[in-house]
Amino acid sequence: MSSISDLIDRAALLLALSESKSGLSLSELKKTFPDIDKQIKFLGKKFKLRIEGDNVSLDEKICFDLYQSIPSDILPEVEDKFRILISQPALSDPDDEPRKIIISKDGNLTSCINCADPPCMTYNKDEVFNAVDSLASRVCPDNLIQIDSDGIIQIDESKCTGCMICVNRCPFSAITLVNDVAKISRFTSTAADVKDVNLSEQRKITDELKVKVGDKPSQIYSKEDIKKTLDNFDKKVSKLEQNWDQDPYYVCIRNWLNELGLEAKYTGSPGKLRVADVTIDSPFAVGIEAKSPAESDVDIGAIRQADHARRQTASFLDKNINDVYAAAIGQGVGRGSNNEAQSLHDQEGKIIPIMTGRVLLYIFLKHISDLPMTPQDLEKLFSDFYGEMTLEEIKEFFTEYFSAHNMEGQQIETKTMEEIDYCFSTNGRQQRGSYSNS
Amino acid sequence: MLNQRDIPEHKNLAAKLEKNWEHIGNQKSQNKDIFWPGKPKSELSEYRKYLLIAYTEQKRSAQAGEGDCFSENVVAEIIAQIGGMNRPGVSFGKTAEQYKNETTANKSHITSFRMSNRILKFLGFVCRERGKSNYYKLTSYGKQWVKFQGEFPSKMGILSESDFIVERLMNANVFGVHDTIQTWDYRFRNRIFLNLMRCININGYITNTEAVVTAFHLHDERCPEQMNQMIDRLNRLRNGEINIVDAYRECNIDPRIKPAVTGAYDGPKVLLSFCRSLGLLKEDNITEYNNGKLKDMYKKMFAIRFQISEPKVVNIITTYGKKILEQEKTRRLVGFDELYF
């Protein structure tokens, strides 16, 4: 039987040999292991060792792990010796891992600089603690924005539905919708330098450039562009194409609401035991029942669930039930749901608006272009309407908006009303996308 | 008892969580610090959160001169207090009250965290603190993992969290269903994750129950006979030579004892979920996979009274999974016991 010190030496030596690619110097090993010859002889009997001159290496691939194969009783001693042998610190600090930042040579800041904590990719990193919403940090509903193996932010354009969230979040206007998909504008190799920096440097440079570029100018979209964006989104998330299920669809609704300045959470993921699929906490409270294209249209059950979501949200927020709104949002509105919402209003005075994703996307597009919304404007969506938000209700909502902002009778009002007619006046079932091609 | 909220480091952590959880709790409950984690035992992102809480406690303990390690019991209390785990539908305050006079082993939040911590240990993210019972510390891998932020799997520079976890999982030596507590510490002989992938690669798919009687039953992967038996058992099951009850009997799991059957059934759930979240496997409905050809096979396999019903989904290996398996299968497992003589 071997002594404990033999076991420690052998374990450290074997770990070092399996980690080291070019092998270890026997003369160097002697400094740590006075009886190295004995240990090499022992290991040579069990493993394929290659000894060439002063160099010893392992000639086979083994699985022998410091933390998973060594008994805890001798782990500190083995670890100490192992670290000496391969002369490397425990592991590099991920914050010091090299990251790429792209610096424009001529000061032009309309292409992707490869930001630190990219806003197109992630919400506040502290959100990792958000236990209500396990996808709190996700910006792209389908998680299509990733950092590639070269450390550069990339969008998987093949699956992009054009929800416009990343477009709005990029502080440098480097993401635009081209042919209905989000595309990142890149610097040419001659126009910019790619620098390897650590996390703190990347953050510092990003912050400096954000200050330099200032507030993002609003992009004005034509009615044709808006309709194309709405149609494209409807079509791509529908059953016929990507058939979005709960996670991407609910995250998309949550993110639109967040981008509109409300504090929304995706509370309907499995295990969260919440009725409301999406909850608006502040500045006013709403319990939202959502229906993804993969589930169904907003049906009668969804209207009842929306009412249940309101009650539960009120109890969670410790509010009076009358201070919490309810809503149902889906890609389409099913038969009977409008009647159900109307009868709930007529008989019990309950207000449950039914919105399609298309309506919400339209309001979001107007918000980020020429009609910025305040929470007071948005509250009217949940407090003043019940049943399906059709063309007339959308017009009414914007009429109230213009009235509240003293913009009545101005050219923009006429233009917006025309735009609503243009975007929402098609056949109801077709506009939802799910059935248009069937 | 010391209230963990009084400790500044935990206060900050609790404040962050409370911001998001302040309204959680059922109507009757006065305790608003409750939450129910989503599938904590099978979500790698939840393990990262737990590990970060343990690391915060370890740092506090080191600063307070109490040793550079954390106590399982203390971390379990912290997680419970800041709302990290609870029994669904029961407020933690009330649950804790019920457990007041119980022994530590009967406190569910502590035993739950112990199980999670054991998985963290198998993955090499924590290790025992020598000489202190129930005290652990983060390994260098653990300290590296808690640096990752945002949605799982994330990236830190070019360092991919997914690759990092796959590497840990491939080295994970976990006890099989028959291993005893004495084997848990250092004489692991089954790279359960790798062997699970090997089983899946035989026909390209596996169900939870099949995993129980194959990779999870393997005692020592260094023994070719046992490896052959594992593969043979899977083939006989699929050929219809034996049914699922026979397979359980072969593995010495009494099919009549429900806790034994369901306990073994729960084991693969965690690993299969890890595989799916890392993109090594994907799930498919048995009626849809391979034009429904598997349906009859599984119907026959489960055509006997059993505690577990016929499976509805199969786990299929992905191209990425095959690539990883190809890389890993030539590595020979070395047990610490091989250094003895």
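Residues numbered from 1 in each chain as written. Chains lettered and ligands numbered in written order. Predicted model: local features only at pLDDT ≥ 70, side-chain atom pairs only at ≥ 80, totals over all residues.

The secondary structure content of chain A amounts to 16 helices and 16 strands. Its C-alpha atoms give chain A a radius of gyration of 30 Å, clearly above 22 Å, the size a compact globule of 438 residues would have. Projecting the C-alpha coordinates of chain A onto the three principal axes gives extents of approximately 90 × 55 × 45 Å. Counting only residues that meet the buried cut, chain A has 42% of its 438 residues in that class. (Helix = DSSP H or I, 4+ residues; strand = E, 2+ residues; numbered from the N terminus. Rg over C-alpha atoms; globule rule 2.2 N^0.38 Å. Buried ≥ 20, exposed ≤ 12 C-beta atoms within 10 Å, placed from the backbone.)

As a further point, take the overall build of chain B. The helix and strand tally for chain B stands at 14 helices and 9 strands. The proportion of buried residues among the 341 residues of chain B is 45%. Across chain B, contacts joining residues at least 24 apart in sequence account for 64% of those joining residues at least 6 apart. (Contact = placed C-beta atoms within 7 Å.)

Here we come to the domain arrangement of chain B. Residues and elements named next belong to chain B. The domain architecture assigned to chain B consists of domain 1 (4–145) and domain 2 (173–329). Listed per partner, the contact involves 5 residues of domain 1 and 6 residues of domain 2. Considering only residue class, the side of domain 1 that touches domain 2 consists of 3 nonpolar, 1 polar and 1 charged. (Domains from an automatic or database assignment. Nonpolar A, V, L, I, M, F, W, Y, C, P; charged D, E, K, R; others polar.)

All names here are of chain A. Contact pair helix H1 (residues 4–19) / helix H5 (residues 75–86): the axes reach a minimum separation of 8 Å and the direction vectors enclose 40°. If you check the angle between H1 and H5, you find them oblique. Crossing angle aside, the handedness with which H1 passes H5 is right-handed. Touching Ile8, Ala11, Ala12, Leu15, Ala16 and Glu19 of H1 are Glu77, Val78, Lys81, Phe82, Leu85 and Ile86, all from H5. Broken down by class, the residue content of the contact of H1 with H5 amounts to 9 nonpolar, no polar and 3 charged. (Axes fitted to C-alpha atoms, helices over the stretch in contact; angles between N-to-C directions. Parallel < 35°, antiparallel > 145°, perpendicular 65-115°, else oblique. Left-handed = near helix turned anticlockwise from the far one by under 90°.)

Before going further, it helps to spend a moment on the domain arrangement of chain A. All names here are of chain A. As assigned here, chain A comprises domain 1 (4–86), domain 2 (95–213) and domain 3 (223–431). Using C-alpha coordinates to define each centre, domain 2 is positioned 29 Å away from domain 3. Between domain 2 and domain 3, the contact holds 17 residues from the first and 22 residues from the second. Split into classes, the residues belonging to the side of domain 2 that touches domain 3 amount to 8 nonpolar, 4 polar and 5 charged.

To continue, consider the sheet that holds strand E6 (residues 205–206) of chain B. All names here are of chain B. Across the sheet, which stays open at both edges, the 3 strands sit in the order E6-E8-E7 with antiparallel pairing between neighbours. Pairing within the sheet leaves two strands with one partner each, and these edge strands are E6 and strand E7 (281–285). Set on the sheet, helix H12 (residues 258–277) makes contact with E7 and strand E8 (313–317); between it and E7 the angle comes to about 105°. (Pairing = 2+ DSSP bridges.)

Further remarks concern helix H8 (residues 192–203) of chain B. All names here are of chain B. Burial analysis of H8 places 9 of its 12 residues in the buried class, the great majority of the element. Of the positions making up H8, those classed as buried are Ile192, Phe193, Leu194, Asn195, Leu196, Met197, Arg198, Cys199 and Ile200. A positive phi of about 95° marks Gly204, the residue just after H8.

Residue and element names in this part refer to chain A. As for its placement among the helices and strands, Ala326 is situated in strand E14 (residues 324–330). Residue classification places Ala326 among the buried positions, given that 29 C-beta atoms sit within 10 Å. Each C-alpha atom of the pair Ala326 and Ala309 lies 7.0 Å from the other, and the pair is 17 residues apart in sequence. Discounting chain neighbours no more than four positions away, the residues touching Ala326 are Val286, Gly287, Ala306, Asp307, Ala309, Arg310 and Ile352.

So, about the sheet that holds strand E2 (residues 49–52) of chain A. All names here are of chain A. One open sheet accounts for 3 strands, arranged E1-E3-E2; its pairing is antiparallel. Strands with a single pairing partner mark the edges of an open sheet, and in this sheet they are strand E1 (24–25) and E2. One ladder, built from 2 bridges, connects E1 with strand E3 (residues 55–58); its direction is antiparallel. Bridge pairing in E3 links Leu24 to Val56.

Counting 100 residues, the largest nonpolar core has Ala11 and Ala12 of chain A together with Leu51, Ala54, Val75 and Leu196 of chain B as the members making the most contacts within it. Aside from chain neighbours lying at most four places away, what touches Ala12 of chain A is Val78, Lys81, Phe82 and Leu85 of chain A. By size, the runner-up hydrophobic cluster in this structure holds 88 residues, among which are Ile253, Leu257, Leu260 and Ala306 of chain A. (Core = buried A, V, L, I, M, F, W, Y, C linked by C-beta atoms within 7 Å.)

A few words on the packing of H8 of chain B against helix H14 (residues 319–328) of chain B. Residue and element names in this part refer to chain B. With their axes 10 Å apart at the nearest point, H8 and H14 run at an angle of 120° to one another. Viewed along their axes, H8 and H14 adopt a mutual orientation that is oblique. H14 is crossed by H8, and the crossing has left-handed handedness. Along its contact with H8, which presents Leu194, Met197, Arg198 and Asn201, the element H14 presents Gly321, Lys322, Leu325 and Glu328. Classifying every residue of the contact of H8 with H14 by side-chain character gives 3 nonpolar, 2 polar and 3 charged.

This part covers the confidence of the model for chain B. Residues and elements named next belong to chain B. Overall, the prediction assigns chain B a mean pLDDT of 78, with 78% of residues at 70 or greater. Predicted confidence in chain B is weakest over helix H1 (residues 8–21), with a mean pLDDT of 53, and strongest over strand E1 (residues 70–71), with 94. The low-confidence segment residues 17–39 (pLDDT under 50) makes 63 contacts with residues lying over four places distant or belonging to another chain. A low-confidence stretch, residues 176–186 (pLDDT under 50), is modelled with 23 contacts involving residues beyond four sequence positions or located in other chains. In the predicted complex, the global pTM is 0.71; the interface-specific ipTM is 0.77. (pLDDT = per-residue confidence, 0-100.)

The predicted model of chain A has a mean per-residue pLDDT of 87, with 92% of residues at 70 or higher. Every residue in residues 427–438 of chain A is under pLDDT 50, and counting partners more than four places away or in other chains gives 24 contacts.

On to unusual backbone geometry. Residues and elements named next belong to chain A. Look at the link from Ser282 to Pro283: it is a cis peptide, with omega at 0°. Here Pro283 is to be found in the loop between strand E12 (278–282) and strand E13 (285–291). A positive phi angle, near 60°, is found at Asn114, a position not held by glycine.

Turning to helix H15 (residues 411–424) of chain A, a few remarks are in order. All names here are of chain A. Over its 14 residues, H15 runs 20 Å from end to end, which matches the ideal 20 Å to within 8%, given 1.5 Å per residue. Those residues of H15 lying buried are Thr416, Glu419, Ile420, Cys423 and Phe424. The arc that holds the buried residues of H15, viewed along the axis, is 100°, so those residues lie on one side. Across H15 from its buried face, at more than 90 degrees, point the exposed residues Gln411, Thr414, Lys415 and Glu418. (Expected span 1.5 Å × (residues − 1). Arc of directions from axis to C-beta.)

Moving on to the environment of Phe47 of chain A. Residues and elements named next belong to chain A. Within the fold, Phe47 resides in the loop between helix H3 (36–46) and E2. A C-alpha to C-alpha distance of 9.9 Å links Phe47 and Lys61, two positions 14 residues apart in sequence. Beyond its immediate stretch of four places on either side in the chain, Phe47 contacts Leu58 and Glu60.

Turning to the environment of Val359 of chain A, a few remarks are in order. Residues and elements named next belong to chain A. Relative to the helices and strands, Val359 is located in helix H12 (residues 357–368). With 31 residues separating them in the primary sequence, Val359 and Thr390 have C-alpha atoms 8.7 Å apart. Setting aside chain neighbours within four positions, we find Val359 in contact with Met389 and Ile394.

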